[in-house]
Amino acid sequence: MNAPAPMPEIRHYTGVMNWLTTVDHKKIGLIYFWFVVLMGLVGGAFAGAIRFQLASPGATLEALQAAQLAGTAAPMALFNADGSGLFGNYHRYNEMVTMHASVMIFFTIIPGFIAFANYIVPLMIGARDMAFPKMNAFGVWLLFPSAILMITSFFVKGGAAASGWTAYPPLSLTGVGDPGQDMWVMGVHFAGVSSILAAINFLVTIISLRAPGMTWSKLPLFVWATFFVSIIQLVATPVLAAAVTMVLMDRNFGTSFTVASSGGDPVLYQHIFWFYSHPAVYIMILPGFGAISHIFAAFSRKLVFGYWGMVIATGSITAVGFAVWAHHMFTVGMPIWAQNYFMIASLVIAVPTGIKVFSWLATMWGGTIRFTTAMLFACGFLSTFVIGGFGGLILALVQIDFSFHDSYFVVGHFHMVLVGGSVMLLFAMTYYWWPKMSGHMLSESVGKWVFWLMFIGILCTFMPMHVSGMEGMARRIPVYWADFRLTNHLTTGGYCLTFLSALIFFIDLIASYRRPKITVDDPWQINDVQQSFEWATSCPPPDYNFVQVPPIPVIDPTGGKH
Amino acid sequence: MSTAPIPAAAGHPGPSAPGHLLDEHGNDPNTHIPPPSLWPLLVTVGLTMMPFGVVSILGALPGWGPLGYPLFGVVLLLTGAAIFVGCLMGWCHQIIREKPISHNPAAQQRDLQYFVLLFLTGELMAFGAVFGYFYYRHAVDPNFGPPHGADFHFGGPLVAYATFVLLSSSITCEIAHHALQKHQVNLAKFMFVVTILLGVGFLGCMGFEWGEFIRRGFYPLHPSIADSSHSAFAAIFYTGTGFHGLHVAIGLVMLFMVLARLQAGHFAAHRHFAAVAASWYWHFVDIVWVLLFITVYVVG
C-alpha cells in the first residue's frame, strides 16, 4: 500500500477535544461501543436488583406459608410492600423492571449494533466515512441526554417510570404531576431521533458511497442487514414517537387519546406501540444475523452458504415484520379473523429465519472450523436463539398464548432471543472485530471462560423461566408462591454466572489496551477466503480508512468466480 | 483481476495517482476526511438542558439544588433553547462555509437529496400514526366526530380559504424554484416572498379557526364534550392540525433562510440544494395538508 501524504488539517484538536469534535465514523463507533458497554453493566445491575428480589418468594404472599411450613424467615428483600426493604416499596420494583428493559433495549442492544455498523459498514463498502459525518456525531451524542433523562428520573419526585417499557395506558397515566414517566417519554424521543438519523445516514451511505466495483450483488451480508434494519428504523421509529407522545399529551395537556371514557382507546395505543416495537425486535437481531454470517464463514474458511437466500430472507423478515405486531396483544380482544391472521403471519416469519439458520449450518458443513471465542459465541448463539425462536412459535399460537400471556414463559422467551440471541451476537461481533476496532487482541483463553460461563448462565437463567411460566408464575410481580422456589433459584444462579462472565469480559476489554499493538491487517488470517475490505487496512484503520480501495480480487460472495 | 487502474475510495473520485496530487486547497483528495466539528455536541447540550428546565418548572425536583426552584427552570429552558438554536445555526454556517472544500459537489448534492427524501418518509410515518388513529376510531366508534351544536359548526369557508392559500403557495414555490434554475434571481426572490406570505396567511387562518373553536367550547377538556367521543376527536384534530402547523412554521423558517441566502448571492443555477430542500419540504407539507383536510373535515 502506498504511504499516504501528510494531509493539511483544517483545525487540529487533541486529547479529549479530539473525541468531542470527532466526525470520524470509527471514533463515533467507539463512543457508541463504550456507551453500550457502560449501559449494559447498568442494565445488568438493574436485572440484579430484580433477581435479588425474586431470589426468595418474598415477604407478603410467602409470609404465611413460610411460617406454616418451615418457620424460615424470608431473607432480606430489596423491596417490600411496606417500604421496609433496601430500596423501598414495590413501586421501586416496578421502576427497576421498567428501567432494566428501557436501558437494555434503547441503550444497549439497539445502539450496540449501531456501534458496529458505524465502525464496520463504511470499511466494508470501501468508503472514507459516513455520508453525513456531523449528523453521525449528533446521533451518538443524543443518546447521552436520553440516558441521563431516564436514569436521573429515579431521583425526581415520584420516582422513575414504573409502567413497564411498553408504557401501556391507563397505567402510564397514573401519577400525573410526577415527571418520571414524562422524562421517560422525552428520553425515548431523544433515542428515537438518534435512531432515525442513524438510519438515514446508513441508507444514504450504503446507496451512495459504495466503492467502485462494490455492486449490490457483492455487498457483504452485514451491510445488507444494516440496510434493511435502517429501513425498519426509519419507518417504524416515528410511529413509536407518536405513541409515546400520546401518553405525554394525555398526561399533561388534557387530551384523551387513550382515555376510554372520553372516546379514546387504550388498545389502539397498544396497536400503535407494537407497530413500532415488533419491527424493533428485528432492529435488535437482524444486524447480528448479517454479522454472524461473516463469522461462521471466516472461521469455517468457506464462503457464506446461500448468499442470495440470506439477502432475501433478511428482506422478507423486514417486510413481514411490519405485519405481525398484534401477536403481542392477542388477549386484549380482537376479532377472530385478526387473531388468525396475526398468528399465521407470525408463524410465516419462521420460514426466512429457518433459511438463515440452515444456511449457517451449511456454511459450517465441511469447513475447516476454528473454535475461536467469536466462533464459540456464534455457535452458542445458534443454539440459544433456536430455543428462543421455538418459544416464539409456541407463543404465536393464539390458543396457547391465551394461557401463557403475561407469564414467565413470555419473559423466558424474549430473554432467550434477546440475551441468547442479540447479546450473544454482540459478544461474537466484539470478539471478532475488537482487534480491528482497537488494534489489540482480546484474550482467547479468558474469552473461552467468558463464553462458557455466559452460555451456561443464559441457559440456566432463562430455561427455568419457561417452566415457571408454564406453572403459572405471573411476570412483573415482586412476590411469588413458594412452588416456584426451585426454578427461581436456578434463574438467580444463572443470572450470577451471566453477570460474572460480563464482568470478566469487561476487565479483559480494558486489559486488552495493555497488550501489544497488532501489526498485521488481518489478525484472524481469513481474508484470503472472506475478501472483506475491513481486513485490508491496518488495525485500527487510519483516519481516512483507505488511500485507495484495496486491490484485492473480490471473490463473488455468491460463490461464482470472476 | 487486473490491479490497474485502481479506483479511488468511494465518494471522493480524485486523481488515481495515489497520495501525490493535491487539489487547489492543498488537500490530498485520496486522504481527505471531513473536518471536525463541535456543533453536534453543543446542540446536544442545549437539547439536554431543555427537558430538565421543563421538569424543574413543574416543581418536581425538590432537593436538586437550584433545580428545585421553578424560576431556575425557566432560565435553564430558555438558555437551552438559545444554545440549541444558536448552535444549530453555527452548524449550518459551518456546512455552508465548508462547501468549497468538498470534493464531489454533484455526489454531495445527490446525497443531500436522498437525505431529504428519507427524512420526509419518516415524517410521513409520524403523520401516518395520526391518520391511523383517526381512521381506526372512525371505523369502530360511530360517535367519533365533531359535536353538532346550535352555535358550533365544524368546517366552513375559512378552512377552504386556508386550503386554497396553501395550495397556491406550493405553485408559487415551484415557480420560484424554476426561476432559480434559470438564474432569474429577482423572479425567484419575489416568488419566495409570495410563498412565505401565503404560508403566513395559512397559519393565520388556522390560528383564527383554532381561536374560534376554542371560544365555542370545542376542546378536549370542555365540560360539554369531555366525557364523550367528541373529546378524542378534538384531541386528534388539534394534534393533527397543530403538528402540521408546526411543520408549516418550520417550512417558513427554511424558506426565509433560502431567501436570505439568495439575497446574499449564495446560489448558482445548478447548485442550490437548500432551495430544493425547502421546496420539497413545502410540497410535502402541502400534500399532508390535503390528506389531513380530507381526513378531518370531509371524513370527520
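What you are looking at is a predicted structure, and each value in this text was computed from that prediction instead of being measured.

> Would you mind showing me how to read the overall build of chain A here?
Scanning chain A from terminus to terminus reveals 17 helices and 0 strands. Expected size for 562 residues packed as a compact globule is a radius of gyration near 24 Å; at 24 Å, chain A falls within 12% of this value. Oriented by its inertia axes, the alpha-carbon framework of chain A measures out at about 75 × 50 × 50 Å. The burial tally for chain A puts 65% of its 562 residues in the buried class. Sequence separation of 24 or more characterises 81% of the internal contacts of chain A that already satisfy a separation of 6 or more. Approximately 19100 Å² of chain A is accessible, and the part contributed by carbon and sulfur atoms is 72%. The centroid of the 24 positive side-chain charges in chain A is displaced by 9 Å from the centroid of its 22 negative side-chain charges.

> Help me understand the overall build of chain B, please; the structure alone is not making it clear to me.
On a plain count of helices and strands, chain B comes out with 7 helices and 0 strands. Listing the helices and strands of chain B from first to last along the sequence gives α-α-α-α-α-α-α. In chain B, buried positions account for 48% of the 300 residues. Within chain B, residue pairs in contact and separated by at least 24 positions form 73% of the contacts whose partners lie at least 6 positions apart. Of the accessible surface of chain B, which amounts to about 13900 Å², a share of 73% is contributed by carbon and sulfur atoms.

> When you look at the side chain of A:Thr461 in this model, what are you seeing that I'm missing?
Residue and element names in this part refer to chain A. Locating Thr 461 in the fold gives a position in helix H15 (residues 444-471). Thr 461 sits in the buried class, given a relative accessible area of 4%. A polar contact of 2.5 Å, which involves the side chain of Thr 461, links it to the backbone oxygen of Gly 457. A polar atom in the side chain of Thr 461 sits 3.1 Å from the backbone nitrogen of Tyr 495. Among all residues touching Thr 461, those that are not within four sequence positions of it are Thr 491, Gly 494, Tyr 495 and Thr 498.

> Explain the domain arrangement of chain B here, please?
By convention, interface size is frequently given as the accessible area that disappears when the constituent parts associate. When the domains of chain B are assigned, the result is domain 1 (34-101) and domain 2 (105-299). One C-alpha centre belongs to domain 1 of chain B, the other to domain 2 of chain B; they are set 27 Å apart.

> What is the right way to read helix H14 (residues 408-438) of chain A from this model?
Think of an α-helix as 3.6 residues a turn; residues three or four steps apart then line up on the same face. Residues and elements named next belong to chain A. The end-to-end C-alpha separation of H14 is 40 Å, well short of the 45 Å expected for 31 residues at 1.5 Å each. Its maximal kink placed at Tyr 432, H14 deviates by approximately 45°, while the proline Pro 435 follows within four residues. Counting buried positions along H14 yields 30 of 31 residues, so the element is predominantly enclosed. Measuring from the backbone nitrogen of Phe 409 back to the side-chain oxygen at the start of H14 gives 3.1 Å, which picks out Ser 407 as the cap. Positive backbone phi, approximately 85°, marks Gly 439, located one or two places after H14.

> Is there a simple way to think about a nonpolar patch on the surface in this case?
All names here are of chain B. A contiguous nonpolar surface patch, about 450 Å² in accessible area, is contributed by Tyr 135, Leu 167, Val 290, Ile 294, Val 298 and Val 299. In terms of residue count, helix H7 (residues 273-299) provides more of the nonpolar patch than any other element does, 4 residues in total. By the element assignment, Val 298 lies in helix H7. Take Val 298: its relative accessible area is 56%, and that puts it in the exposed class.

> Sorry, what's going on with the state of the cysteines here?
One covalent bond between the sulfur atoms of two cysteine residues makes up a disulfide. Inspection of every chain in the model, using the stated rule, returns 0 disulfides over all chains. Just so you know, A:Cys496 is unpaired, no disulfide at all, and the nearest cysteine sulfur is the one on A:Cys460, 9.7 Å from it.

> Explain the packing of aromatic side chains here, please?
Any pair of aromatic rings gets described here by the distance separating the centres and the angle formed by the planes. All names here are of chain A. Inspection of the entire model under this criterion finds 73 aromatic pairs over all chains. Measuring from ring centre to ring centre gives 5.6 Å for Phe 79 and Tyr 93, while their planes differ by 75°; the resulting arrangement is edge-to-face. Here Tyr 93 lies in helix H4 (residues 90-124) and Phe 79 lies in the loop between helix H3 (61-69) and H4, a separation of 14 residues in the sequence. Residue class for Phe 79 comes out buried when judged on its relative accessible area of 0%. Ring geometry for Trp 452 against Phe 455: centres 6.0 Å apart, planes inclined by 85°, an arrangement best described as edge-to-face.

> Quick question: what am I supposed to make of the environment of A:Leu376 here?
Residues and elements named next belong to chain A. Within the secondary structure, Leu 376 sits in helix H12 (residues 373-396). Assessed through its relative accessible area of 10%, Leu 376 is described here as buried. Spatially, the C-alpha atom of Leu 376 lies 9.7 Å from that of Met 424, the residues being 48 residues apart in sequence. Leave out the neighbours within four places in its chain, and Leu 376 touches Phe 371, Lys 448, Phe 451 and Trp 452.

> In this structure, what is going on with the environment of A:Tyr269? I would like to understand it.
Residue and element names in this part refer to chain A. Relative to the assigned elements, Tyr 269 resides in helix H8 (residues 266-283). Distance from Tyr 269 to Ala 242, taken between C-alpha atoms, is 9.6 Å for residues 27 residues apart in sequence. Setting aside residues no more than four positions away along its own chain, Tyr 269 makes contact with Thr 166, Ala 167, Tyr 168, Pro 169, Ala 243, Val 244, Met 246, Val 247 and Thr 258.

> Is there a simple way to think about the nonpolar core in this case?
Generally speaking, soluble globular proteins have nonpolar side chains that are buried together. Of all hydrophobic cores here, the largest spans 255 residues; its most connected members are A:Phe106, A:Phe107, A:Trp184, A:Phe222, A:Tyr432, A:Trp433 and B:Phe218. The dominant element in this core, judged by the number of residues it contributes, is H4(A), at 21 residues. Residues lining this core come from more than one domain, with at least three contributed by each of domain 1 (34-101) and domain 2 (105-299) of chain B. Excluding anything up to four places from it in sequence, A:Phe107 contacts A:Phe35, A:Val36, A:Met39, A:Ser102, A:Leu143, A:Ser146, A:Ala147, A:Met150 and A:Ala191.

> Before we go on, may I ask you to explain unusual backbone geometry in this structure?
With glycine set apart, most residues show a phi of negative sign, and most peptide bonds adopt trans. All names here are of chain A. Of the consecutive residues Pro 169 and Pro 170, the connecting peptide bond is found in the cis state with omega at 5°. Following the sequence through the fold, Pro 170 ends up in the loop between helix H5 (133-152) and helix H6 (180-208). Looking along the chain, the bond that leaves Cys 539 and enters Pro 540 is cis, with omega of -15°. Tracing the backbone shows Pro 540 in the segment after helix H17 (527-530).

> Help me out: how do you make sense of the pattern of salt bridges in this one?
Residues and elements named next belong to chain A. A complete count under the given rule lists 13 salt bridges over all chains for this structure. Measuring nitrogen to oxygen at the nearest pair gives 2.6 Å for the salt bridge that ties Arg 301 to Asp 528. Remark: Asp 528 occurs in helix H17 and Arg 301 occurs in the loop between helix H9 (286-300) and helix H10 (307-321); sequence separation between them is 227 residues. In this structure Arg 301 comes out as partly exposed when scored by relative accessible area, which is 31%.

> Is there a simple way to think about the side chain of A:Thr255 in this case?
Its place among the elements puts A:Thr255 in the loop between helix H7 (221-252) and H8. A:Thr255 sits in the buried class, given a relative accessible area of 10%. If we ignore the near neighbours within four places in the chain, the residues touching A:Thr255 are A:Met249, A:Asp250, B:Pro220 and B:Ala235.

> Please explain helix H6 (residues 229-263) of chain B as it appears in this structure.
The end-to-end C-alpha distance of H6(B), which contains 35 residues, comes to 51 Å, matching closely the 51 Å that a straight helix rising 1.5 Å per residue would cover. In the segment just after H6(B), B:Gly265 is the residue with positive phi, at about 75°.

> Can you walk me through the confidence of the model for chain B in this structure?
Low-pLDDT portions of the prediction should not be read for the details of their coordinates. Residues with a pLDDT of 70 or more make up 86% of chain B, whose mean pLDDT is 83. Residue range residues 1-22 of chain B is modelled with pLDDT below 50. Its contacts to residues more than four positions away, or to other chains, number 54 contacts.

> Mind showing me how you'd approach the packing of helix H1 (residues 39-57) of chain B against helix H2 (residues 70-98) of chain B here?
The angle between the axes and the distance between the axes are what describe a pair of packed helices. All names here are of chain B. The geometry of H1 relative to H2 is characterised by a closest axis approach of 7 Å and an angle of 160° between their N-to-C directions. When the interaxial angle is binned, H1 and H2 end up roughly antiparallel. As for how H1 packs across H2, the hand of that crossing is left-handed. A breakdown of the residues in the contact of H1 with H2 according to their chemical character gives 20 nonpolar, 8 polar and no charged.

The rules behind the values
- Residue indices follow the written sequence of each chain, beginning from 1 at its first position.
- Chains and ligands are labelled sequentially in the order written, the chains with letters from A and the ligands with numbers from 1.
- Residues qualify for local features only when their pLDDT is at least 70, as the model is predicted, and side-chain atom pairs are given and counted only at 80 or more; totals for whole chains, interfaces and linings, by contrast, use all residues.
- Side-chain descriptors were evaluated using all non-hydrogen atoms of the structure, hydrogens and water having been removed beforehand.
- The helix and strand labels rest on DSSP assignments: H or I over at least four residues marks a helix, E over at least two residues marks a strand, and numbering proceeds from the N terminus.
- Our radius of gyration is a C-alpha quantity, and the globule rule it is checked against amounts to 2.2 Å times the number of residues to the power 0.38.
- Buried, partly exposed and exposed residues are distinguished by accessible area as a fraction of the type maximum, computed with a 1.4 Å probe on protein chains only: under 20%, between the cut-offs, and over 50%, respectively.
- Working rule for contacts: check all heavy atoms of both residues, and any pair within 4.5 Å makes them a contact.
- Methods summary: accessible areas were calculated by the Shrake-Rupley approach with a probe of 1.4 Å, and residue burial reflects only the protein chains presented.
- All tallies of charge rest on Lys and Arg as positive and Asp and Glu as negative; His and the ends of each chain are not included.
- Lysine's charge is taken at NZ, arginine's at CZ, aspartate's at CG and glutamate's at CD.
- We call two N or O atoms a polar contact when they sit within 3.5 Å, provided that within protein one can donate a hydrogen and the other can accept it, with sequence-adjacent residues counted only if both atoms are side-chain atoms.
- As used throughout, domain bounds are those supplied by an automatic or database domain assignment.
- Between the first and last residue of a helix there are one fewer steps than residues, each counted as 1.5 Å, and that sum is the expected span.
- What we call the bend at a residue is the angle made by axes fitted to the seven residues finishing there and the seven residues starting there.
- Each patch is assembled from residues with relative accessible area greater than 30% and no salt bridge, linking like charges that lie within 9 Å and nonpolar side chains (Val, Leu, Ile, Met, Phe, Trp, Tyr) that lie within 5 Å.
- Any Lys or Arg side-chain nitrogen found within 4 Å of a carboxyl oxygen on Asp or Glu counts as a salt bridge.
- By convention in this document, the label disulfide applies to cysteine sulfur atom pairs within 2.5 Å.
- The criterion for an aromatic pair is that two Phe, Tyr or Trp rings (for Trp, the six-membered ring) have centres within 6.5 Å, with stacked assigned to planes under 30 degrees apart, edge-to-face to planes over 60 apart and tilted to the rest.
- Buried Ala, Val, Leu, Ile, Met, Phe, Trp, Tyr and Cys residues that are joined via side-chain atoms within 4.5 Å together make up what is termed a nonpolar core.
- Confidence of the predictor at the level of single residues is captured by pLDDT, which takes values from 0 to 100.
- Note on geometry: axes are C-alpha line fits, over the in-contact stretch for helices, and angles between N-to-C directions span 0 to 180 degrees.
- For classification purposes, angles smaller than 35 degrees are called roughly parallel, those larger than 145 roughly antiparallel, those between 65 and 115 roughly perpendicular, and all remaining angles oblique.
- Each crossing is labelled by how the near helix is turned from the far one, with a counterclockwise turn of less than a right angle marking it left-handed and a clockwise turn marking it right-handed.
- Asp, Glu, Lys and Arg are counted as charged, while Ala, Val, Leu, Ile, Met, Phe, Trp, Tyr, Cys and Pro are counted as nonpolar; the rest, among them Gly, fall into the polar class.

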